[in-house]
Amino acid sequence: MIAELGHAALWLAAALAGLQVVFALLRGQAGAAALPAIRAIAGAQALLALLAFAALLHLFWVTDLSVALVATHSHGDKLPFYKLAAAWGNHEGSMLLWVLLLSGFGALMARFARALEPAVMRGALGMQGALALGFYAFLLLSSNPFARLDPPALEGRGLNPLLQDPGLVFHPPTLYVGYVGLSVAFSLAIGAMLGGRVDAALARAMRPWVLLSWTFLTAGILGGSYWAYYELGWGGYWFWDPVENASLLPWLAATALLHSVSVLAAREALRAWTMALALIGFAMSMLGTFLVRSGLLTSVHAFAVDPERGTFILVLMALYVGGALALFGARIAQVREGAPFAPASREGALVANNLLLSVILALVLFGTFYPLVAEAFGASISVGPPYFNLVAGPLALLLVALLFVGPLLSWKRQFRPLSKGAALAGCGALAMLVATIALGWSMSLLERLGLALGAGLVIASLVPLLTRKPWRAPAPVWGMVLAHLGVGLLTVGIASESAFTKERLAIVQPGDQASVGPWLVEFRAAVPVAGPNWTAIEADLLASRGAGAARLAPQQRLFNQPATSTSESALLTRWDGQLYATVGQGSAAEGWQLRLWWKPFVTFIWAGGLLIALGGLVSLVGRIVRALREARPARASARYREQRSW
Amino acid sequence: MVARYLPLAVGLLVFAFIGWRLADPSDQPDISSRLVGAPAPDLTLAPMLADRPGVTGLATGEPHLVNLFGSWCNPCIAEAPLLDALAARGVPITGIAVRDEPQAVTRFLEEHGDPFAVIGSDPQSEAVFALGATGVPETFLVDAEGVIRAHVQGPLAPGDVDRLAAAWEALR
């Protein structure tokens, strides 16, 4: 019953989405009157999608094995926590989550994005409805999550043990909020181009949504990266895997959009560019989903290796993105030229930021697709870290260098002599550069520059706070400072991890010691342990560095459903780095494989990433609070006017 | 004027490309064995059964199939009808019974068909290693001079029958 209820809710939601599009297409008198109806429909549609998703959660919670999706992706013995997560740990469920978010963002946009022309709003909500309709169709016609299994399965077929991790519970939804949040910017851009109003009001309406999805994307990518780092047991945090790239591409577009939308909001410049980025951002989100779903670029993530579904999404995307870009081509000429500005201005710096981000985006996109291109011509090739690090690294460092001065420039034209702050930051970078050379540390040029520029940026990022009283600075400035500080720390962390990581592989018997970097690790015993649905061999390690010792317990874990072994790494976190240990195969007679890494300042990567996301959050909350504060008197005066008209 | 439609052109190009690759994926696993083209080892194996000879060299002067099997091996039961079909087309098949007993082999052949012209016994898996096989069953097409021309790892698939028969026909 519950499955049928969810299925029915999905059909109804699809019908409402269709209605939303039809209403948005009305013109003239009827069109003007349709907006309240469209808003209401958007809300109802989101509630129905929520009902469908709740039904799916319920089916997974009670492990209803008469539902095919539950039988293939869950198991009666699984912990309750992971039973729920299994609902979106598969193709159909994750697409349902996607469409829930799409309709949810539509409803939120209908409710909160109000300060826009009715024609713009109608176009935007119509587009959001059209997006939702396409993905409802995809779910209902080619991947119904509620399909029954007759006869029911006796027991479920479990879940990839790698995915039985708290990370899975939060990672996909976080990333999806980011992906799908960009649909709002996409729809608003479409609405604005249809309504012929690309202006500062649009940019101000668009900004919170971009901030929101950018913050979630950042957090999602960071979470996924940390998950891969501790769960895969390879000691790496970024592999330039196609699916990682699929999340990075929309992030790069969103980062560029976030900066160009500020220019549009403040100076009414970069109109066409901002519209293009808004379209590209969500196009990249869909491309990311498509890459993952179609299995076109095979990887661990491609759990639906199914060209038919791939074709469906491809046609959807071609319609949406092709239609949007055609509209862009047809309408953008009518958009007025933006306000002029000098190259050495805040706008100029933001244009440079946008160009660099766009070039990185294009290069990453090219690298991700290149194996496919090569394969089309009969060559088999894989594009890995050497390519990406080589092309993205220098450009990213250029961006970091740009951050020394960009935020300190003022709008329009004034070219003030470089402030003391920027000079101080430059000195910091130079000092770091000299130090790395003087101390004779051997590292690549990219790593050396990364350390120097990252350290300089840590100083430079704080300058905007120092030129005024920090507590007086508006929240968006705080947000910017935190995010840029995060970029600085991240750069230092990446360079340091790359340059200084020490690795040690040893075969050990109880009582043996192995050293890695400054650490001395004693292997005390290999102990069998059992969990709720797994058994493991756990290494009992005692790590010491000078005084004091800490215990680490990496495991070689064997899941019984399905029978798979995973390596559970153990991490010892200190402010200046992480000690990373995994234990491999072994026996009492032959000894145990112990793998140790000391990763100096890898902590800066995590702290930096968190600060970047926190910066987005602070800025978002600040803007929302300000919007609420501004809205209150406006609403009061509106009420006053209403009373007067009586 | 044209520049405005540049994003559209690039976008459509990307989609067309993806669509093309999706319609014609050339990434189908086409893993050819490195043994193809290599000379088969000069095996001499004792007869497994009293009613037919064992193996005396694989360069027999005419192309033939060499099939590694075992009465204990379930996938061998699965591929037995396909070997029968090949034998029915006149393809001579050399059987190599791996780690097996005469009574068990006799029973296996009675139950699942008997396509083999000769059957050699490989009690210690020495022939498996000499051939470079990874396990049982595996099938090799060996030409008149004893050079391996085709290699199927694991049980034969229905499509292999026509392929192997045609390849054998071409070698005659």
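Residues numbered from 1 in each chain as written. Chains lettered and ligands numbered in written order. Predicted model: local features only at pLDDT ≥ 70, side-chain atom pairs only at ≥ 80, totals over all residues.

(A) Quick peek at the interface of chain A and chain B. If you look at the interface, chain A gives 20 residues, while chain B gives 13 residues. Taken together, the elements giving at least two residues each to the side of chain A that touches chain B come down to helix 10 (271-294), helix 11 (307-331) and helix 12 (346-376) of chain A. If one sorts the elements of the side of chain A that touches chain B by residue count, helix 11 of chain A sits on top with 12 residues. When the residues that make up the side of chain A that touches chain B are grouped by side-chain class, the tally is 14 nonpolar, 5 polar and 1 charged. (Contact = placed C-beta atoms within 7 Å. Helix = DSSP H or I, 4+ residues; strand = E, 2+ residues; numbered from the N terminus. Nonpolar A, V, L, I, M, F, W, Y, C, P; charged D, E, K, R; others polar.)

(B) Focus on the sheet that holds strand 6 (residues 138-142) of chain B. Residues and elements named next belong to chain B. Spatial strand order, 5-4-3-6-7: 5 strands in an open sheet with mixed pairing. Every interior strand has two partners, whereas the edge strands, strand 5 (118-122) and strand 7 (148-153), have only one. Going from strand to strand, the sheet's axes swing by 20° on average, the running direction of each strand aside. (Pairing = 2+ DSSP bridges. Axes fitted to C-alpha atoms, helices over the stretch in contact; angles between N-to-C directions.)

(C) Expanded view of the nonpolar core. Residue and element names in this part refer to chain A. Of all hydrophobic cores here, the largest spans 181 residues; its most connected members are Val99, Ala185 and Leu279. Per-element tally for this core: the top contributor is helix 8 (residues 200-231), with 16 residues. Those residues in contact with valine 99 that sit more than four places away from it in its chain are Ala49, Ala132, Phe135, Tyr136 and Leu139. (Core = buried A, V, L, I, M, F, W, Y, C linked by C-beta atoms within 7 Å. Buried ≥ 20, exposed ≤ 12 C-beta atoms within 10 Å, placed from the backbone.)

(D) Region of the structure containing the sheet that holds strand 1 (residues 502-508) of chain A. Residues and elements named next belong to chain A. In spatial order, the strands read 1-10-9-8; together these 4 strands make up an open sheet with antiparallel pairing. Only two strands of the sheet have a single neighbouring strand rather than two, namely strand 1 and strand 8 (570-574). Taking the axes of each pair of neighbouring strands and ignoring which way they run, one obtains an average angle of 15° across the sheet. Pairing of strand 1 with strand 10 (residues 591-600) involves 7 bridges; the strand directions are antiparallel. Each bridged residue has a counterpart across the sheet, and for lysine 502 the counterpart in strand 10 is tryptophan 598.

(E) Quick peek at the environment of A:Ala246. In this fold, A:Ala246 is placed in helix 9 (residues 242-267). On a C-alpha basis, the gap between A:Ala246 and A:Ser285 in space is 7.6 Å, while along the polypeptide they are 39 residues apart.

(F) Main features of unusual backbone geometry. All names here are of chain B. Of note, the amide linkage connecting valine 136 to proline 137 takes the cis form, showing an omega dihedral of -5°. You can see proline 137 is positioned in the loop between helix 4 (126-131) and strand 6. A positive phi angle, near 45°, is found at arginine 99, a position not held by glycine. In this fold, arginine 99 is placed in the loop between strand 4 (93-98) and helix 3 (102-112).

(G) Spotlight on helix 12 of chain A. For helix 12 of chain A, spanning 31 residues, the distance from its first C-alpha to its last is 44 Å, which sits close to the expected 45 Å at 1.5 Å a residue. Within helix 12 of chain A, the axis deviates most sharply at A:Phe369, by approximately 45°, and proline A:Pro371 lies no more than four positions further along. (Expected span 1.5 Å × (residues − 1). Bend = angle between axes of the 7 residues up to and from the residue.)

(H) Quick look at the packing of helix 1 (residues 2-25) of chain A against helix 6 (residues 118-142) of chain A. Residues and elements named next belong to chain A. Contact geometry for helix 1 and helix 6: axes closest at 8 Å, N-to-C directions at 150°. Taken together, the axis directions place helix 1 and helix 6 in an arrangement best described as roughly antiparallel. The element helix 1 and its partner helix 6 pack so that their crossing is left-handed. Between helix 1, through Leu10, Trp11, Ala13, Ala14, Ala17, Gly18, Gln20, Val21, Ala24 and Leu25, and helix 6, the contact on the second element is made entirely by Arg122, Gly123, Leu125, Gly126, Gly129, Ala130, Ala132, Leu133, Tyr136, Ala137, Leu139 and Leu140. When its residues are assigned to classes, the contact of helix 1 with helix 6 shows 16 nonpolar, 5 polar and 1 charged. (Parallel < 35°, antiparallel > 145°, perpendicular 65-115°, else oblique. Left-handed = near helix turned anticlockwise from the far one by under 90°.)

(I) Structural detail: the confidence of the model for chain A. Put simply, chain A has an average pLDDT of 84, and 91% of its residues get 70 or more. The secondary structure element of chain A with the lowest average pLDDT is helix 17 (residues 602-645) of chain A, at 78, and the one with the highest is helix 1 of chain A, at 91. (pLDDT = per-residue confidence, 0-100.)

(J) Here's a closer look at the packing of helix 7 (residues 166-195) of chain A against helix 8 of chain A. Residue and element names in this part refer to chain A. Relative to each other, helix 7 and helix 8 sit at 155°, their axes nearing to 8 Å. Here helix 8 runs roughly antiparallel to helix 7, going by the angle between their axes. By crossing handedness, the relation of helix 7 to helix 8 is classed as left-handed.

(K) Seen up close, the environment of B:Asp100. Residue and element names in this part refer to chain B. Residue placement: aspartate 100 occurs in the loop between strand 4 and helix 3. Linking aspartate 100 and methionine 48, residues 52 residues apart in sequence, is a C-alpha distance of 8.5 Å. Filtering out sequence-adjacent residues up to four positions away, aspartate 100 remains in contact with Met48, Gly70, Ser71, Trp72, Val105 and Ser121.

(L) Region of interest: the environment of A:Pro386. Examined against the element boundaries, A:Pro386 turns out to sit in helix 13 (residues 385-405). Here the alpha-carbon distance between A:Pro386 and A:Ala278, two residues 108 residues apart in the chain, equals 30 Å.

(M) Representation of the pairing of strand 9 (residues 577-587) of chain A. All names here are of chain A. Alignment of strand 8 against strand 9, held across 5 bridges, turns out to be antiparallel. Bridge pairing in strand 9 links alanine 570 to alanine 581. The loop that links strand 8 with its antiparallel partner strand 9 comprises 2 residues. Relative to strand 10, strand 9 is paired through 9 bridges, and the arrangement is antiparallel. Counted as the bridge partner of valine 583 is leucine 594 from strand 10. Count of turn residues in the strand 9/strand 10 antiparallel hairpin: 3 residues.

(N) Helix 6 of chain A, seen in detail. Its 25 residues place the ends of helix 6 of chain A 36 Å apart at the C-alpha level, agreeing with the 36 Å of an ideal helix rising 1.5 Å per residue. Extensive coverage of helix 6 of chain A is indicated by the burial of 18 of its 25 residues.

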